[in-house]
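Chains, contacts and geometry: an overview
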Amino acid sequence: MLAPLLLAYAGARAWAGYHELRRQYVVEGLFRTYQPPYPDGDAWVIDPRPGDLWTEVRDRYRPGVPLPPPPAAPTPEAWTRALAALDLPAHPAPDAWSGAEPRLWFGPGGPWLLTGVFGRQPVFFDPARGVVMAPERLPDAPALELTGVRENPW
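Scope of this entry: the structure provided in the associated data block.

About the thresholds
- Residues numbered from 1 in each chain as written.
- Predicted model: local features only at pLDDT ≥ 70, side-chain atom pairs only at ≥ 80, totals over all residues.
- Heavy atoms only, no water.
- Salt bridge = Lys/Arg side-chain N within 4 Å of Asp/Glu carboxyl O.
- Helix = DSSP H or I, 4+ residues; strand = E, 2+ residues; numbered from the N terminus.
- Buried < 20%, exposed > 50% of the residue type's maximum accessible area, 1.4 Å probe, protein only.
- Polar contact = N/O pair within 3.5 Å; in protein donor to acceptor, adjacent residues only side chain to side chain.
- Arc of directions from axis to C-beta.
- Contact = heavy atoms within 4.5 Å.
- Pairing = 2+ DSSP bridges.
- Axes fitted to C-alpha atoms, helices over the stretch in contact; angles between N-to-C directions.
- 1 Å grid on protein atoms, 1.4 Å probe; cavity = no way out; pocket = protein on both sides within 12 Å on 5 of 7 lines; lining within 4 Å.
- Points joined across faces, edges and corners; volume = space filled by probe spheres on them.

1. Section: the pattern of salt bridges
A side chain with one charge can pair with a side chain of the opposite charge if their charged atoms come near. With the rule as written, the count across this model stands at seven salt bridges. A salt bridge links D40 to R129, with the nearest nitrogen and oxygen atoms 3.2 Å apart. Placement of the pair is D40 in strand β3 (residues 38–40) and R129 in the loop between β8 (121–126) and β9 (130–133), with a sequence separation of 89 residues. R129 gets classed as buried once you look at its relative accessible area, which sits at 18%. Ionic pairing is found between E145 and R103, a salt bridge with its closest N-O pair at 3.3 Å. Taken together, the residues E145 in strand β10 (residues 143–146) and R103 in strand β6 (residues 103–105) connect sequence positions 42 residues apart.

Laid out in structure tokens, this is it:
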């Protein structure tokens, strides 16, 4: 007699838990609203805030510094000169990327700012979409590694 009641209760709790785990929370911060991640093609958009890549690099690694002119072209050479004006050391990156140092990637659709890895998936800032997590390794392309830079923890 008690078994059907316990089974019904466990089923109701499992159903409620399933729906609770699938909820997409919108978080209201002090200065902006944070949307839940969503799929976009073969990647997940983690933080949908498209914007200028040059401003993003300055805001992440040299906040409070006046913004010098942006790179003249989307090439590693132009970006190296522009990063030197921001006092950010950059050099050609090795092929293998551990995610420890951020890098500017100049592949198809780039340049993008690769900020790290989540598991084995690269996380990057795409000016058209915002902060994105790719499903797998990005194709080999020229890249600049930013060495010795630290991002603010907030």
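2. Considering the side chain of R60
Along the chain, the position of R60 falls in helix α2 (residues 53–61). Since its relative accessible area comes to 11%, R60 is described here as buried. Polar contacts involving the side chain of R60 include one to the side chain of E56, which spans 2.6 Å.

3. Brief notes about helix α3 (residues 76–85)
For α3, the set of buried residues is A78, W79, A82 and L83. Burial along α3 is one-sided: seen end-on, the buried residues are contained in an arc of 130 degrees. In α3, the exposed residues that point more than 90 degrees away from the buried face are R81 and A84. Check the buried side of α3 and you find it contacts α2, β5 (90–92), β6 and β10. Trailing α3 by a residue or two, D87 shows a phi angle of about 60 degrees, which is positive.

4. Structural notes on the sheet that holds β9
Ordered by their spatial adjacency, eight strands build an open sheet running β3-β4-β9-β8-β7-β6-β10-β5, and the pairing between neighbours is antiparallel. Of all strands in the sheet, those bounded by a partner on one side alone are β3 and β5. Going across the sheet, the axis of each strand differs from the next one's by a mean of 35 degrees, ignoring polarity. The sheet contact formed by β8 and β9 spans four bridges and is antiparallel. Within the sheet, the bridge partner assigned to D126 lies in β9 and is G130. Together, β6, β7 (112–118), β8, β9 and β10 form the strand contacts of α2, whose direction differs from that of β7 by roughly 50 degrees. Sheet strands touched by α3: β5, β6 and β10. Its angle to β10, the strand with the most contacts, is close to 20 degrees.

5. A few points about the pairing of β9
The pairing of strand β4 (residues 43–47) with β9 spans three bridges and is antiparallel. The partner of W44 across the bridge, within β9, is M133. Adjacent in sequence and paired antiparallel, β8 and β9 are bridged by three residues.

6. Notes on the environment of D59
By the secondary structure assignment, D59 is in helix α2. Engagement of the side chain of D59 in a polar contact is seen with the side chain of R58, the distance being 2.8 Å.

7. Some remarks on the layout of surface pockets
Empty space within the second largest pocket amounts to approximately 360 Å³. Around the second largest pocket, the lining is made up of 20 residues, and of these D95, W97, R103, R137 and L138 lie nearest the centre. Sorting the residues of the lining of the second largest pocket by element identifies β6 and β7 as the ones contributing at least two each.

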